[in-house]
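Residues per chain, in single letters:
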Amino acid sequence: MRQRTSLFAIVCSIVGVSIIAWAETHGGGGHGDGHTGIPKVVMYQAINFFIFAAIIFFGAKNKVVSLFRQRSEDFFRQAREAEQRKKELEFQKADLERRFSELKSMREQSIMRAELEAQQWVSTEKERALIEANNIAKDSETLLRAEEQKQMEHLRQEVLEMSMVSAEENLGGLGGEEKAKVNRQFNARLEGANV
């Protein structure tokens, strides 16, 4: 950096001296001399400009350099932060995509599991309903048979009582031994019919 400053000072000195020398050789008189060249006013303005430029350069060079250095450091820092943020966002995006994929997979598995459970429940309920219907049919059949046997027994009793009454009326004229014989035969026939 010091080399640049020294080089700038040397260039300004050479240019300044060259302008002064050129102005002196081409006559720096007033307006009516007949000389064509750079007027002294312009020469002094150029000298003043180079002095002013040198003052600004030497006086403000550190501030300007530090300003541009600070700006470039800020730019590179922001670029690094943006790159870091980009990486973080890409990681978050990948994480969100992975989570979304997992949730989608879990959803599909839940649906499949629910459908399977529903099918199992339906088949289980169907089997249970069939078993219950069969049990009810068996119970009904058992009750029907029991009722049928009860009614048959009741009818037998009524037939037997009616037969007894009719037999006593018809057998009223028979003797005791004949009554007993008919009675035994009748009972034997009834027992054969019950078996």
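Coordinates for the structure precede this section.
Residues numbered from 1 in each chain as written. Predicted model: local features only at pLDDT ≥ 70, side-chain atom pairs only at ≥ 80, totals over all residues. Heavy atoms only, no water.

Let us look at the overall build of the chain. Within the chain one finds three helices and zero strands. Each helix and strand of the chain, ordered N terminal to C terminal, gives the series α-α-α. Looking at the 195 residues of the chain, the share that counts as buried comes to 6%. Per element, the accessible surface of the chain, about 17000 Å² overall, is 60% carbon and sulfur. (Helix = DSSP H or I, 4+ residues; strand = E, 2+ residues; numbered from the N terminus. Buried < 20%, exposed > 50% of the residue type's maximum accessible area, 1.4 Å probe, protein only. Areas by Shrake-Rupley, 256 points an atom, 1.4 Å probe, with all protein chains shown as cover.)

With that out of the way, let us pick up the packing of aromatic side chains. Per the counting criterion, the structure on display carries two aromatic pairs. Relative to Phe-50, the ring of Phe-49 has its centre 5.6 Å away and its plane inclined at 70 degrees; by these criteria the two rings are edge-to-face. Of the residues examined, Phe-50 reaches a relative accessible area of 22% and is grouped as partly exposed. Where Phe-75 meets Phe-76, the ring centres are 5.5 Å apart and the plane angle is 70 degrees; that geometry is what we call edge-to-face. Taking the relative accessible area as the measure of exposure, Phe-75 reaches 52% and is therefore exposed. In this structure Phe-76 comes out as partly exposed when scored by relative accessible area, which is 47%. (Phe/Tyr/Trp six-rings, centres within 6.5 Å; stacked < 30°, edge-to-face > 60°.)

The next thing to look at is the pattern of salt bridges. Per the stated rule, a full pass over the model turns up ten salt bridges. Between Glu-132 and Arg-128 there is a salt bridge; the shortest N-O distance is 3.4 Å. Taken together, the positions of Glu-132 and Arg-128, both in helix α2 (residues 40-170) and four residues apart, correspond to about one turn of that helix. The partner of Glu-141 in a salt bridge is Arg-145, with the nearest N and O atoms 2.6 Å apart. Linking Glu-141 with Arg-145, this pair stays in helix α2, spanning four residues, or about one helical turn. Within the structure, one salt-bridge network assembled from shared partners comprises Asp-95, Arg-98, Arg-99 and Glu-102. (Salt bridge = Lys/Arg side-chain N within 4 Å of Asp/Glu carboxyl O.)

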